[in-house]
Amino acid sequence: MPQEKKVKDFMIRLEDYPHIPYWFTLRQAMAIVREASIKFEGSFEPRAVLVFDEKYQLMGMLTLRDIVRGLEPRFLQETALIKADPSLTVLLKDLFGPGLKEASQKQVSEVMSPIRVTVNADDPIAKALALMILENVGMMPVLENNKVVGMVRMNELFQEISRIVLGE
């Protein structure tokens, strides 16, 4: 029986995955995401940034959705206004208006998502897949000796499953 592949065989190493301190602004985080997209073009597209404290302890994850949510004007969250203007013309004008750069100065710690689940580097990929499905996440930090060593994403695990199913 072939040796079962481990999470570490599919993870993106922390050195290669975008990560920032919690005091960075959304603007700085956006620059890091853009830089990583250019650096790793063709290999992977970063959809999140890991957020650490000053002791390099993992605090959370800043997804692209978190960034956009952090940039939105406060009244975008008011459903009555959205119902009154279903085309969102007023909202879009404000979202892309002068307040956008001001909103980009928020600290990432204000809008980041908590880490819901992690996996160990030596765990089998079946465990990673099960956790991702149960927790409804597309990626999660990989730990080794209780330290973050990388990220594993559904995308890479799906490629392995499809390779097995399709017999490639």
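Rules used throughout
Residues numbered from 1 in each chain as written. Predicted model: local features only at pLDDT ≥ 70, side-chain atom pairs only at ≥ 80, totals over all residues. Heavy atoms only, no water. Pairing = 2+ DSSP bridges. Helix = DSSP H or I, 4+ residues; strand = E, 2+ residues; numbered from the N terminus. Axes fitted to C-alpha atoms, helices over the stretch in contact; angles between N-to-C directions. Core = buried A, V, L, I, M, F, W, Y, C linked by side-chain atoms within 4.5 Å. Buried < 20%, exposed > 50% of the residue type's maximum accessible area, 1.4 Å probe, protein only. Left-handed = near helix turned anticlockwise from the far one by under 90°. Contact = heavy atoms within 4.5 Å. Nonpolar A, V, L, I, M, F, W, Y, C, P; charged D, E, K, R; others polar.

> A description of the sheet that holds strand 2 (residues 19-21) should follow, citing residues and the corresponding values.
An order of 2-3-4 is seen for the three strands of this open sheet, with the pairing classed as mixed. Each having just a single partner strand, strand 2 and strand 4 (58-63) make up the two edges of the open sheet. Averaged over all pairs of adjacent strands, the angle between their axes in this sheet comes to 30°, without regard to strand direction. With five bridges joining them, strand 3 (residues 48-52) and strand 4 adopt antiparallel strand pairing. Within strand 4, the position partnered with Phe-52 by the bridge is Leu-58.

> Would you mind going over the nonpolar core in detail, with residue names and values included?
Membership of the largest hydrophobic core comes to 17 residues, with the highest contact counts inside it found for Val-119, Met-140, Val-142, Val-152 and Leu-157. Broken down by secondary-structure element, the contributors of at least two residues to this core are helix 6 (125-135), strand 6 (139-144) and strand 7 (147-153). If you tally residues by element for this core, the top one is helix 6, at five residues. Residues Ile-20, Leu-26, Leu-62 and Met-112 belong to the second largest nonpolar core, which totals 14 residues.

> An account of unusual backbone geometry is needed here, citing residue identities and associated values.
Notably, Tyr-56 is not glycine yet its phi reads approximately 60°, a positive angle. Mapped onto the elements, Tyr-56 comes out in the loop between strand 3 and strand 4. For Asn-136, which is not glycine, the phi dihedral falls at a positive 55°. Mapped onto the elements of the fold, Asn-136 is located in the loop between helix 6 and strand 6. Owing to a relative accessible area of 66%, Asn-136 belongs among the exposed residues under this scheme.

> With reference to specific residues and values, describe the packing of helix 1 (residues 26-39) against helix 2 (residues 64-71).
Helix-helix packing: each pair is described by the crossing angle between the helix axes and the interaxial distance. Interaxial distance between helix 1 and helix 2 falls to 11 Å at its minimum, and their mutual angle equals 145°. The handedness of the crossing between helix 1 and helix 2 comes out as left-handed. Together, Leu-26, Met-30 and Val-33 of helix 1 and Leu-64, Ile-67, Gly-70 and Leu-71 of helix 2 make up the contact between the two elements. Considered class by class, the residues forming the contact of helix 1 with helix 2 number six nonpolar, one polar and no charged.

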